[in-house]
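Geometric and topological summary
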Amino acid sequence: MTAASTPQAANPAPTTNAALYEAARSVIPGGVNSPVRAFGSVGGDPVSMVRASGPYLTDAEGREYVDLVCSWGPMLLGHNHPAVVDAVHRAVDAGLSFGASTPDEYRLAELIAGTVPVERVRMVSTGTEATMTAIRLARGATGRNLIVKFAGCYHGHSDGLLAAAGSGVATQSLPGSAGVTEAQAAETLVVDYNDRAALEEVFAARGSEIAAVITEAAPCNMGVVTPAEGFNAFLRQLTARHGALLIWDEVLTGFRASDTGYWGLSGQPEGWAPDLWTFGKVIGGGMPTAAVAGRAEVMDLLAPLGPVYQAGTLSGNPVAMAAGLATLQNATAEVYGTITRRSQQLEELLVGALTEAGVDHSIQRAGTLFSVAFGTSDGGVRNYADAQGQEAFRYAPFFHAMLKHGVYLPPSVFEAWFVSSAHDDAAMDRIAKALPHAARAAAAATA
Ligand SMILES: Cc1ncc(COP(=O)(O)O)c(C=O)c1O
């Protein structure tokens, strides 16, 4: 670009949502830096946010919304929690990045290892990196190539994990992604969630080639799907029987579905643990941090100790570590109690409004996380086919009615709803007032 064609600094910056989106689209593909932020499946222009506080977001036009996205999970304590902001300010004052080890890295790792049964934790910057590393580790540890994943589960955007992925891939109705080679796709075997017989079959046919099964601890990226009774324990037994590893993706559910993630509701009471775990979102408290963790025997295969290479310029970044540590240190039993109560209250309000408006639906839950699926009262959602078969057309008018009445929901029916410990009575009142409008809009929708 020549200097003459560079946008002129003298031009006033756009200040409306529509103008900002227009400006963004001219320089950013689709105007967004992550497809889930686009309003592709609900229509209209994405809203540009400029500020956040407690349970609220404020857009470029000064409109305030109760936030039920919570940055897609990380904001467990609400936005700009004073302890987190203080910790970040202190970290920033000390230096943005050192490219060397720092004390907070091992404190955060210790905190994670003190909460769930893992012996080693390696910090990375995104959930995608965490699952990608876990897959490489599983292949390095077993000497096998194949990975089993479930249709509708999302584990980030590394090549091998995009087959039949949920979240943005589901929202845009894509089977996978262009740019993934056939060879990579052939190394990922996709099975229906909650389908034990299909898994038995895959392992009977190719068990000796399978390095790992990767699963969301509870799927939350095709909407929430509650694992069938005993399904996760079955995965543990099946993988162990065939010498494959179980990769337990808690990027979304970790430190959020409960204080010990979804493992606290599944593996812990049943007395088992996976081989490798992935974390993200809450452990960074709103800054880019994620982690891969597990037994020392497997994790110590990572460089510099072992032959499995993994690295990151900004891994364990001190500002991100400070945000994550402060978030987890303030994630008390009281915080989880509030989130549990608010999440149940939200579900009751939602079910009440939908029932009153005569909208057929079901609610799927995983600890403090839940989502709604329209037209699914007969059987609920057990897998990706059920999620895709719902009356998704009801969501766009529902979403826009909530937005109009000051509530920011995920702009896709295939996402979980997130609350924080900052969601107070005033925020819940606003949601309660908005829901009947949205439920009526959903009732009136036609395919
Ligand atoms: C279960 C799960 N795994 C992995 C990821 C990828 O994380 P990131 O977006 O930080 O790359 C996500 C993101 O939503 C997720 O929900």
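Residues numbered from 1 in each chain as written. Predicted model: local features only at pLDDT ≥ 70, side-chain atom pairs only at ≥ 80, totals over all residues. Heavy atoms only, no water.

1. Focus: the overall build of the chain
For the chain, the count of helices and strands is 15 helices and 13 strands. A compact globule built from 447 residues would reach a C-alpha radius of gyration of about 22 Å, and the chain, at 22 Å, matches this within 12%. Projected onto its principal axes, the C-alpha positions of the chain cover 55 × 55 × 50 Å. In the chain, buried positions account for 53% of the 447 residues. Residue pairs at least 24 apart in sequence account for 73% of intrachain contacts in the chain once pairs closer than 6 positions are excluded. Summed over its atoms, the accessible surface of the chain is roughly 18,600 Å², and 53% of this surface lies on carbon and sulfur atoms. The average position of the 28 basic charges and that of the 42 acidic charges among the side chains of the chain differ by 2 Å. (Helix = DSSP H or I, 4+ residues; strand = E, 2+ residues; numbered from the N terminus. Rg over C-alpha atoms; globule rule 2.2 N^0.38 Å. Buried < 20%, exposed > 50% of the residue type's maximum accessible area, 1.4 Å probe, protein only. Contact = heavy atoms within 4.5 Å. Areas by Shrake-Rupley, 256 points an atom, 1.4 Å probe, with all protein chains shown as cover. Lys, Arg positive; Asp, Glu negative; His and termini not counted. Charge placed at Lys NZ, Arg CZ, Asp CG, Glu CD.)

2. A few points about empty space enclosed by the protein
This structure, assessed with the given rule, holds one cavity of 30 Å³ or more. For the largest cavity, the calculated volume is near 40 Å³. With three residues, the single largest contributor to the lining of the largest cavity is strand 12 (residues 369-374). In the lining of the largest cavity, the residues fall into seven nonpolar, four polar and no charged. (1 Å grid on protein atoms, 1.4 Å probe; cavity = no way out; pocket = protein on both sides within 12 Å on 5 of 7 lines; lining within 4 Å. Points joined across faces, edges and corners; volume = space filled by probe spheres on them. Nonpolar A, V, L, I, M, F, W, Y, C, P; charged D, E, K, R; others polar.)

3. Focus: the sheet that holds strand 9 (residues 276-279)
What the seven strands build is an open sheet, ordered 4-10-9-8-7-5-6; its pairing is mixed. Two strands in the sheet have a free side with no partner beyond their single neighbour: strand 4 (120-124) and strand 6 (188-191). In this sheet, neighbouring strand axes are inclined to one another by 20° on average, regardless of whether the strands run parallel or antiparallel. Direction of pairing for strand 8 (residues 245-249) relative to strand 9: parallel, over a ladder of three bridges. When the bridges of strand 9 are listed, Trp248 appears paired with Trp277. The strands touched by helix 3 (residues 103-113) within the sheet are strand 4 and strand 9, with strand 4 carrying the most contacts at an inclination of about 125°. (Pairing = 2+ DSSP bridges. Axes fitted to C-alpha atoms, helices over the stretch in contact; angles between N-to-C directions.)

4. Side note on the packing of helix 7 (residues 196-206) against helix 8 (residues 231-241)
Across the interface, helix 7 lies against helix 8 with an axial gap of 11 Å and an inter-helix angle of 10°. Relative to helix 8, the element helix 7 is oriented roughly parallel. Facing Arg196, Leu199, Glu200 and Phe203 of helix 7, the residues of helix 8 in contact are Phe231, Phe234, Leu235, Leu238, Thr239 and Arg241. (Parallel < 35°, antiparallel > 145°, perpendicular 65-115°, else oblique.)

5. What to know about the environment of Val359
Here Val359 lies in the loop between helix 12 (333-357) and strand 11 (361-366). Separated by 82 residues in the primary sequence, Val359 and Ala441 place their C-alpha atoms 9.8 Å from one another.

6. Points about the pattern of salt bridges
Pairing between side chains of opposite charge can happen when the charged atoms of each approach one another. Tallying each qualifying case throughout the model produces 13 salt bridges. Linking Arg342 and Asp425 is a salt bridge whose minimum nitrogen-to-oxygen distance equals 2.9 Å. Note that Arg342 is positioned in helix 12 and Asp425 in helix 15 (residues 425-444), a separation of 83 residues in sequence. Here the salt bridges share partners, and the residues they tie into one network are Arg236, Asp275, Arg295 and Glu297. (Salt bridge = Lys/Arg side-chain N within 4 Å of Asp/Glu carboxyl O.)

7. What about the layout of surface pockets?
Of the pockets and cavities examined, the second largest pocket occupies roughly 400 Å³. Forming the boundary of the second largest pocket are 22 residues, of which Ser101, Thr102, Glu105, Met123 and Gly316 lie nearest the centre. Elements represented by at least two residues in the lining of the second largest pocket include exactly helix 3 and strand 4. When residues in the lining of the second largest pocket are grouped by element, the largest group, five residues, is from helix 3. In terms of residue class, the lining of the second largest pocket is built from nine nonpolar, nine polar and four charged.

8. Section: the site of the ligand
Around the ligand, the surrounding shell consists of Thr126, Gly127, Thr128, Tyr154, His155, Gly156, Glu216, Asn221, Asp249, Val251, Leu252 and Lys281. One of the side-chain N or O atoms of Asn221 is found 3.0 Å from an oxygen atom in the ligand. In this structure, Lys281 approaches the ligand through a side-chain N or O atom, which is 3.0 Å from an oxygen atom. Look at the ligand: alone it shows 390 Å² of surface, and the protein chains cover 82% of it. Broken down by class, the residue content of the shell around the ligand amounts to three nonpolar, six polar and three charged. (Near = heavy atom within 4 Å. Polar contact = N/O pair within 3.5 Å; in protein donor to acceptor, adjacent residues only side chain to side chain.)

9. A short note on the domain arrangement of the chain
It is common to give the size of an interface as the accessible area that goes away when the parts come together. As far as domains go, the chain holds domain 1 (3-79 + 332-444) and domain 2 (82-329). One C-alpha centre belongs to domain 1, the other to domain 2, and the line joining them spans 25 Å. The interface is formed by 31 residues belonging to domain 1 together with 35 residues belonging to domain 2. When the two sides are added together, the surface that domain 1 and domain 2 hide from each other amounts to roughly 2,600 Å², 61% of it contributed by carbon and sulfur. Interface area lost by domain 1 to domain 2 is led by Tyr336, Tyr384 and Phe414, which between them contribute 24%. At the boundary of domain 1 with domain 2, the tally comes to zero salt bridges. At the junction of domain 1 and domain 2, the tally comes to 10 residue pairs in polar contact (both at pLDDT 80 or more). Among the secondary structure elements, those contributing two or more residues to the side of domain 1 that touches domain 2 are strand 11, strand 12 and helix 13 (384-389). In the side of domain 1 that touches domain 2, the residues fall into 20 nonpolar, eight polar and three charged. (Domains from an automatic or database assignment. Buried area = accessible area lost by both parts, 1.4 Å probe.)

10. A short note on the packing of aromatic side chains
Applying the stated criterion across every chain, the model contains 15 aromatic pairs. For the ring pair Tyr193 and Phe231, a centre distance of 4.9 Å and an interplane angle of 65° mean the geometry is edge-to-face. Here Phe231 lies in helix 8 and Tyr193 lies in the loop between strand 6 and helix 7, a separation of 38 residues in the sequence. Tyr193 sits in the buried class, given a relative accessible area of 1%. Look at Phe231 and you get buried, because its relative accessible area is 0%. (Phe/Tyr/Trp six-rings, centres within 6.5 Å; stacked < 30°, edge-to-face > 60°.)

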